[in-house]
Amino acid sequence: MNASAQVIPSQARRRRAGGMARREAIEGYLFILPWIVGLIVFTAGPFLAGFLLSFTDYSALQAPNWTGLQNYVKVFHDQNFYLSIFNTLYYVVLSVPLGMVIGFGLALLLNQKIPGIAFFRTAFYMPSIVPAVPSIMLFLWILNDRFGLLNGFLSSIGISGPDWLTSPSWTKPSLVIWSLWQVGGSMIIYLAGLQSVPQELYEAASIDGAGAGRKFWHVTIPMISPTIFFVLTIGIISSFQVFTAAFLLGSGNYGMPGAGPLNSLLFWVLNIYQQGFYFYRFGYASALAWLLFVVIMLVTLVQLALARRWVYYEAETPGR
Amino acid sequence: MAGRVLRYAALIPLSVVFLAPLVWMLSTSLKTDRQLGLWPPVWIPTPPVWLNYAHAWTSAPFALYARNTLIITATAMLGQLLSASAVAYGFARLRFPGRDILFIVVLATMMLPGVVTLIPTYILFQKLGWLNTFLPLIVPAYFGAPFFIFLLRQFFRSIPMELSEAAKIDGASNLRILLQLILPLSRPALATLLIFSFTGNWNDFLGPLIYLNTQDKYTLTIGLQVFLQQNSTQFQYLMAISFLMSLPIIVVFFFAQQHFVRGIVMSGIKG
């Protein structure tokens, strides 16, 4: 047998294995190619472009000129900017904690296998299924100051209800009320978290003589803290970006689209929308958008940092 | 025992509070002008004015709006399904350098506030000449939405590798494995994807608001908002259209509750 013609079996195996691995890698990249292209064209590209745009005076009518930090200076001198921050924070600070408490409370109520529990779960969850636009239309009617259901109900118990939608001081609370009707979504997440707490922990606590209260604070809450953290983080991020509901609630003959009486519903994203799509000040609006992004990122980072203190994670199950 | 009574004592009034607005929507839609302002409120108008629905539907081109919404929703759903399946398959079943890092990027973009890319993306579509067409609302769906990629990838990973190994030995390509093995086994996850894609597109407001400028292109969300501007006192018509617009989603919900719940829980599990 000619020695040079002999191929050492292990080398051949490695070459075959290397070829297969390379083929698999190429196919892998091909399969995820749509996402990669999308990432560049619709995410990373626009992301960077927005950053650059914020330093120009680009409007739909003229080519962009580099203006440096001028947009940002303008932003910090703009009354509407500070108003939009106030309105946004008002909404976040009111709707997120209230929503979490109510959502969690409902989940606790539902966390029992009693007859009819599925009906109640559906009852609480269904409102959050209704599309936002019809849902706001419904609330425009319910909150109507003269014929609405809410004021009618209040008057029947002797309270004269406010002008929910036309008074500048009540428009944001109206929006918060609407947002609370939607807690079904987060309730479902809490419920799943509650149901995944192992029964053995409660039993062990009982054996140690713990009553319901201590079981709640020392078993339930720690075990569900990751879920709470998740809902809190997502809740804050999304309420910072409130738009559709606010836009519709504030629609009406107030001049500027969707800002409500005395701009009481002028939220950050709505301001961006107005500046960008009403005034076509793309450069300025991009600066506003970037500031919002930075704020959201900072808030999220602070939350992540604080999470170490109060969020309790079980050890990762091995093999995942 | 007392605990149970207390629980029902809380659950029943609360569910009344949560359901009342929906009942009210239906009830209002069947009222006459005069009945709208009555107090105590009429919960079941007699006789119910079903004609309101016909009036409301024909008082604005809602059939057109519905058609537009359906076209956009259906094509976007198809795109989400195809792209998320392919990309998730790559992340879940294939090995390639940088796979795990890239998947972390997918997760990161899930959390990205959309507002930052809003204006540059608009400018992009403007340059492409796609303004006032359905394209900006459809085309991005064909490139893989992070949440759906995540959803499917988790599911695909739970399918034993031995099955695809066996198929490979039989000479099947990755594409065949995806189409004939993985997808049929993933029906629950695909159902969840389709449901969330449906609701996301059906309910989309900001997208149509900035990209669709002429009435012939409006979707139901925009059409309903324009209708509000023009008929701000005829709440029975407003409620009728609102109810019609919510109906498809409520129906889907009743048939596929567990898929809804799974989608929401999946997004929570990741946290």
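Residues numbered from 1 in each chain as written. Chains lettered and ligands numbered in written order. Predicted model: local features only at pLDDT ≥ 70, side-chain atom pairs only at ≥ 80, totals over all residues.

## Considering the overall build of chain B
Helix and strand content of chain B: 15 helices and zero strands. Scaling as 2.2 N^0.38, a compact globule of 271 residues should have a C-alpha radius of gyration of about 18 Å, whereas chain B reaches 23 Å, well beyond that. Projected onto its principal axes, the C-alpha positions of chain B cover 75 × 65 × 35 Å. Residues counted as buried form 42% of the 271 residues belonging to chain B. At a minimum sequence separation of 6, the contacts of chain B that also span at least 24 residues come to 76%. (Helix = DSSP H or I, 4+ residues; strand = E, 2+ residues; numbered from the N terminus. Rg over C-alpha atoms; globule rule 2.2 N^0.38 Å. Buried ≥ 20, exposed ≤ 12 C-beta atoms within 10 Å, placed from the backbone. Contact = placed C-beta atoms within 7 Å.)

## Side note on the overall build of chain A
Along the backbone of chain A there are 13 helices and zero strands. Its C-alpha radius of gyration of 27 Å places chain A more than 25% over the 20 Å reference for a compact globule of 320 residues. The dimensions of chain A, computed from C-alpha atoms along their principal axes, are 105 × 75 × 35 Å. In chain A, which comprises 320 residues, the proportion classed as buried is 38%. Look at the contacts in chain A between residues 6 or more apart in sequence, and 67% of them connect residues 24 or more apart.

## Focus: the domain arrangement of chain B
Residue and element names in this part refer to chain B. What the domain assignment reports for chain B is domain 1 (2–49) and domain 2 (55–161 + 188–270). When each unit is reduced to the centre of its C-alpha atoms, the spacing between domain 1 and domain 2 is 31 Å. Counting residues at the interface gives six residues for domain 1, matched by six residues for domain 2. Looking at the side of domain 1 that touches domain 2 element by element, the count peaks at four residues for helix α1 (residues 2–29). (Domains from an automatic or database assignment.)

## What about the environment of T75 of chain B?
Residue and element names in this part refer to chain B. Assignment of secondary structure puts T75 in helix α4 (residues 62–93). Judged by the 18 C-beta atoms lying within 10 Å of it, T75 is partly exposed. Considered as a pair, T75 and A2 are 73 residues apart in the sequence and their alpha carbons are 54 Å apart.

## Description of the packing of helix α5 (residues 99–110) of chain B against helix α8 (residues 146–157) of chain B
All names here are of chain B. At a closest axis distance of 8 Å, the pairing of α5 and α8 adopts a crossing angle of 130°. For the element pair α5 / α8, the angle class is oblique. Pair α5 / α8 crosses with left-handed handedness. Taken together, the residues of α8 that come into contact with α5 (itself represented by V106, L107, T109 and M110) are P146, F147, I149 and F150. A class-by-class count of the residues in the contact of α5 with α8 yields seven nonpolar, one polar and no charged. (Axes fitted to C-alpha atoms, helices over the stretch in contact; angles between N-to-C directions. Parallel < 35°, antiparallel > 145°, perpendicular 65-115°, else oblique. Left-handed = near helix turned anticlockwise from the far one by under 90°. Nonpolar A, V, L, I, M, F, W, Y, C, P; charged D, E, K, R; others polar.)

## A look at the interface of chain A and chain B
Each side of the interface is counted separately: chain A has 66 residues, and chain B has 70 residues. For the side of chain A that touches chain B, the element with the highest residue contribution is helix α1 (residues 9–53) of chain A, accounting for 18 residues. Residue classes in the side of chain A that touches chain B are distributed as 51 nonpolar, 13 polar and two charged.

## Focus on the nonpolar core
Membership of the largest hydrophobic core comes to 142 residues, with the highest contact counts inside it found for A246 and A289 of chain A together with I149 and L152 of chain B. The element best represented in this core is α4 of chain B, accounting for 12 residues. I149 of chain B has contacts with W35 of chain A together with A84, V87, A88, F91, V106 and G144 of chain B, leaving out every residue within four places of it along the chain. (Core = buried A, V, L, I, M, F, W, Y, C linked by C-beta atoms within 7 Å.)

## Points about the environment of V294 of chain A
With respect to the secondary-structure elements, V294 of chain A resides in helix α13 (residues 282–310). Sequence-wise, V294 of chain A and L270 of chain A are 24 residues apart; in three dimensions their C-alpha atoms are separated by 17 Å.

## Quick notes on the confidence of the model for chain A
Put simply, chain A has an average pLDDT of 87, and 91% of its residues get 70 or more. Of the regions scoring below 50 in pLDDT, residues 316–320 of chain A engages in zero contacts with residues more than four places distant in sequence or in other chains. (pLDDT = per-residue confidence, 0-100.)

## Describing α8 of chain B
All names here are of chain B. Compared with the 16 Å implied by 1.5 Å per residue over 12 residues, the 16 Å span of α8 between its first and last C-alpha is a close match. Along α8, 10 of the 12 residues are buried, which leaves the element largely enclosed by surrounding structure. Of all the residues in α8, the buried ones are P146, F147, F148, I149, F150, L151, L152, R153, F155 and F156. (Expected span 1.5 Å × (residues − 1).)

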